[in-house]
Amino acid sequence: MSNEFPSVKWAYVDSIKEAADLYIMNYISKGDIAITQDIGLASTLLAKGVYVLSPRGILFEEKEIETALELRHLSAKARRRGIYGKGPKPFSEKDRENFKQELTKLLSKFQERK
């Protein structure tokens, strides 16, 4: 492993469902940054005081996560009844740019604290 990022730690987890989520939830700390599109994981991490950013550049916040969880639940119920939506839009260059901008904002907050 390169020393280019000395504070980066790699962890290998089991391939069972939710193993990575459980590892993250157990080892992440308040004030850390997590990147995920998993709304359930995002909800749990927000409660721990973690900054959560989606790969599309959406910064999850406590006030909006409840609605996102409800929409996820309704979509799951519809899928169980055989009703499938269009799925997510393809990842775009605009998504990539939004992600870079939001991550830069988050990182600049950390830089200001030093």
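In the block above lies the structure referred to throughout.
Everything numeric in this text was worked out from a predicted model, so none of it was measured.

Q: Can you lay out the overall build of the protein for me, pointing to particular residues and giving the numbers?
A: Summing up its helical and strand segments, the protein has 4 helices and 3 strands in all. Starting at the N terminus and ending at the C terminus, the protein contains elements arranged as α-β-α-β-β-α-α. Its C-alpha atoms give the protein principal-axis dimensions of roughly 50 × 35 × 25 Å. Relative to its full complement of 114 residues, the protein shows a buried share of 22%. Across the protein, every contact between residues at least 6 apart in sequence was considered, and the portion connecting residues at least 24 apart equals 37%. Element-wise, carbon and sulfur atoms account for 55% of the exposed surface of the protein, whose accessible area totals about 9200 Å².

Q: Describe in detail the pattern of salt bridges, supporting the description with residues and values.
A: Counted by the stated rule, this structure contains 5 salt bridges. Residues Lys 100 and Glu 97 are paired through a salt bridge, measuring 3.7 Å at the closest nitrogen-oxygen approach. Here the residue Lys 100 and the residue Glu 97 both occupy positions in helix H4 (residues 93-113), the gap between them amounting to 3 residues, near one helical turn. The partly exposed category is assigned to Lys 100, whose relative accessible area is 42%.

Q: Break down the side chain of Thr 36 for me, with residues and values.
A: Examined against the element boundaries, Thr 36 turns out to sit in the loop between strand S1 (33-35) and helix H2 (39-47). We classify Thr 36 as buried; its relative accessible area is 11%. One polar contact links the side chain of Thr 36 to the main-chain amide nitrogen of Asp 38, over a distance of 3.0 Å. In contact with Thr 36, other than residues within four places in its own chain, are Leu 41, Ala 42, Val 52, Leu 53, Ser 54, Pro 55 and Phe 60.

Q: With reference to specific residues and values, describe unusual backbone geometry.
A: Positive phi, close to 75°, is recorded for Glu 18, a residue that is not glycine. In this structure, Glu 18 sits in the segment before helix H1 (19-27).

The rules we used
Residues numbered from 1 in each chain as written. Predicted model: local features only at pLDDT ≥ 70, side-chain atom pairs only at ≥ 80, totals over all residues. Heavy atoms only, no water. Helix = DSSP H or I, 4+ residues; strand = E, 2+ residues; numbered from the N terminus. Buried < 20%, exposed > 50% of the residue type's maximum accessible area, 1.4 Å probe, protein only. Contact = heavy atoms within 4.5 Å. Areas by Shrake-Rupley, 256 points an atom, 1.4 Å probe, with all protein chains shown as cover. Salt bridge = Lys/Arg side-chain N within 4 Å of Asp/Glu carboxyl O. Polar contact = N/O pair within 3.5 Å; in protein donor to acceptor, adjacent residues only side chain to side chain.

Functional significance is not addressed by these values, which are geometric in nature.
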